[in-house]
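Coordinate analysis (summary)
Chain residues, written in single-letter form:
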Amino acid sequence: MSHAAEALAGQEFAHDLPATPFDPALAAGRAGKIKVAAIGLCGCWGCTLSLLDLDERLFPLLDKITITRSSITDIKRITERCVVGFVEGGVANEENIETLEHFRENCDVLISVGACAVWGGVPAMRNVVPLSECLFEAYVDSPTAVPGAKPIIPLHPDIPRITTKVYPCHEVVKMDYFIPGCPPDGDAIFKVLDDLVNGRPFDLPISLNRYD
């Protein structure tokens, strides 16, 4: 055994990377804010871009909310209970199921955002074709296959197993609200978030609903 191996023997390791401790004043300022989390499952992330379309309206909201896990903050886990969770994308593999269940367990209010989360969207188009045919088309009979190479359908423990169908989120866990659209307007997301953080009843007028 090398000197390095001897030094590491018996040590405990974690997958979490070390992080700089939070400034106490910053932590105190965030303590009274409403915690919001967001995640993208099987989709195009267009709904996340709609969230960024809030533009300057996002800054006053940040006085009232703290965004924890999201693609904006790049925080990978919900570290404490959140009041609101936004879910973009449908459920297309086992990892999506695990993530969605984790959000349901750790968010008081869970919202489906966009066509994929609400109905399955474009990814659900494969539901009319057996999964075996989809995999064959993608990996065996693909027009981008390398000539002469042996076609292989990937199967590895590190790759999440694809579900036989793409499911809207409410078919996997209970969802509290729905914001339709592909993607929904930033105005719609702002209205919902602004209502929730200010204690108003959830109200999304028809003028802000989009189904295209």
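The structure reproduced in this document is the subject of the present report. (Residues numbered from 1 in each chain as written. Predicted model: local features only at pLDDT ≥ 70, side-chain atom pairs only at ≥ 80, totals over all residues. Heavy atoms only, no water.)

Turning our eyes to something else, we now look at the overall build of the protein. When helices and strands are tallied, the protein shows eight helices and seven strands. Per-residue burial over the protein gives 35% buried out of 212 residues. Partitioning the contacts of the protein with sequence separation of at least 6, the portion at a separation of at least 24 is 81%. In the form shown here, the protein has an accessible surface area of approximately 13,200 Å², with 59% of it arising from carbon and sulfur atoms. (Helix = DSSP H or I, 4+ residues; strand = E, 2+ residues; numbered from the N terminus. Buried < 20%, exposed > 50% of the residue type's maximum accessible area, 1.4 Å probe, protein only. Contact = heavy atoms within 4.5 Å. Areas by Shrake-Rupley, 256 points an atom, 1.4 Å probe, with all protein chains shown as cover.)

Applying the stated rule across the entire model yields nine salt bridges. A salt bridge links Glu94 to Arg161; the shortest N-O distance between them is 4.0 Å. Residue Glu94 is located in helix α5 (residues 94–106), and its partner Arg161 is located in the loop between α7 (131–140) and β6 (162–167); the two are separated by 67 residues in the primary sequence. Judged by its relative accessible area of 43%, Glu94 falls in the partly exposed class. According to the relative accessible area criterion, Arg161 is exposed, its value standing at 56%. Among the ionic pairs, Arg104 bridges to Asp176, the shortest N-O distance being 3.1 Å. Here Asp176 lies in the loop between β6 and β7 (177–179) and Arg104 lies in helix α5, a separation of 72 residues in the sequence. What emerges from the salt-bridge pattern is a single network uniting Lys191, Asp194, Asp195 and Arg200. (Salt bridge = Lys/Arg side-chain N within 4 Å of Asp/Glu carboxyl O.)

Time to look at the side chain of Ser112. Mapped onto the secondary structure, Ser112 falls in strand β5 (residues 107–113). Overall, Ser112 belongs to the buried group, its relative accessible area being 0%. Look past the residues within four positions of Ser112 in its chain and what remains in contact with it is Val87, Ala117, Val118, Cys169, Met175, Tyr177, Phe178 and Ile179.

Take the sheet that holds β7 next. Taken in spatial order, the five strands of this open sheet run β2-β1-β3-β5-β7, and their pairing is parallel. Only two strands of the sheet have a single neighbouring strand rather than two, namely β2 (65–67) and β7. Each strand axis lies, on average, 25° off the axis of its neighbour in the sheet, ignoring direction. Looking at chain direction, β5 and β7 are connected through three bridges and run parallel. Bridge assignment links Ser112 to a residue of β7, and that residue is Phe178. The strands that helix α8 (residues 186–197) touches are β1 (34–40), β2, β3 (82–88), β5 and β7; relative to β5, the one it contacts most, it runs at about 165°. (Pairing = 2+ DSSP bridges. Axes fitted to C-alpha atoms, helices over the stretch in contact; angles between N-to-C directions.)

Counting 22 residues, the largest nonpolar core has Phe86, Ile111, Val113, Ile179 and Leu193 as its most contacted members. Of all the secondary structure elements, the ones that give two or more residues to this core are β1, α3 (46–52), α4 (58–61), β3, β5 and α8. Among the elements that make up this core, the one with the highest residue count is α8 (six residues). Once residues within four sequence positions are removed from consideration, Ile179 is found in contact with Phe86, Ile111, Ser112, Val113, Gly114, Val118, Pro184, Ala188, Val192 and Leu204. Among the nonpolar cores identified, the runner-up in size contains 15 residues, and Leu100, Phe103, Ala117 and Val173 belong to it. (Core = buried A, V, L, I, M, F, W, Y, C linked by side-chain atoms within 4.5 Å.)

Looking now at a nonpolar patch on the surface. There is a patch of nonpolar side chains on the surface, built from Leu49, Leu52 and Ile72 and spanning about 270 Å² of accessible area. Topologically, Leu49 is positioned in helix α3. (Patch = residues over 30% accessible without salt bridge, like charges linked within 9 Å, V, L, I, M, F, W, Y side chains within 5 Å.)

Our focus in this paragraph is the environment of Asp185. The topology assignment puts Asp185 in the loop between β7 and α8. Classification of Asp185 as partly exposed rests on a relative accessible area of 27%. Between the C-alpha atom of Asp185 and that of Leu208, which follows or precedes it by 23 residues, the distance is 7.2 Å.

Take the side chain of Arg126 next. Relative to the helices and strands, Arg126 is located in the loop between α6 (115–119) and α7. We note that Arg126 is buried and unpaired, the nearest opposite charge coming from Glu94 at a distance of 11 Å. Excluding residues that lie within four positions of it along the chain, Arg126 makes contacts with Ala92, Leu131, Cys134, Ile162, Thr163, Thr164, Lys165 and Val166. (Lys, Arg positive; Asp, Glu negative; His and termini not counted.)

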